[in-house]
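One-letter residues, chain by chain:
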Amino acid sequence: MFQRLEPGGARLRFTFEGQAVDAGPGDSIAAALLAAGIAHLRDTPVSAAPRGPWCLMGVCFDCLVEVDGMPNRQACLVQVADGMQVRRMRGARAP
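Quick look at the structure, then. In this text the structure is predicted, and so the values were computed from the model without any measurement.

### Section: unusual backbone geometry
The backbone of alanine 48 shows a phi angle near 65°, a positive value even though the residue is not glycine. In this fold, alanine 48 is placed in the loop between strand E3 (42-43) and strand E4 (50-51). Judged by its relative accessible area of 47%, alanine 48 is partly exposed.

### Considerations on the nonpolar core
Core analysis: the largest hydrophobic core is formed by 19 residues, its most contacted members being Phe14, Phe16, Ile29, Leu33 and Leu41. Listed by contribution, the elements that provide at least two residues to this core are strand E1 (12-16), strand E2 (19-23), helix H1 (29-35) and strand E5 (64-67). Tallying contributions element by element places H1 first for this core, with four residues. With sequence-adjacent residues up to four places away left out, phenylalanine 16 is seen in contact with Val21, Leu33, Ile38, His40, Leu41, Val86, Arg87 and Arg88.

The rules behind these values
Residues numbered from 1 in each chain as written. Predicted model: local features only at pLDDT ≥ 70, side-chain atom pairs only at ≥ 80, totals over all residues. Heavy atoms only, no water. Helix = DSSP H or I, 4+ residues; strand = E, 2+ residues; numbered from the N terminus. Buried < 20%, exposed > 50% of the residue type's maximum accessible area, 1.4 Å probe, protein only. Core = buried A, V, L, I, M, F, W, Y, C linked by side-chain atoms within 4.5 Å. Contact = heavy atoms within 4.5 Å.

Okay, here's the thing in C-alpha cells:
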C-alpha cells in the first residue's frame, strides 16, 4: 500500500508493540509504521474501534500512541529516534 520512493540510506530501528520496525532519518512514527504495513495505532475509548493515521499533519488526533512511556503522542508529529519504544493507545487515559 505505502512504499518508499527512495529506499536505502541510513536506517533507524524502533519497536512497535514489541515488533522491530525500520525507518529512515526524518521519518515520523506514523510514516514509518504505514511503510511497514501497520495502520492500527490506537483503540477508541468508547467502542474500542481501531484507529490509525488519517490527516498526517496533527489535526485529527487519530494517530495517538505511547512513546517511551509517554501517552497521547501524535505519531504523525513525532520523529523516529533509534531504539524508541512505541505502543498502541488503548481506551481513555486515567484522569
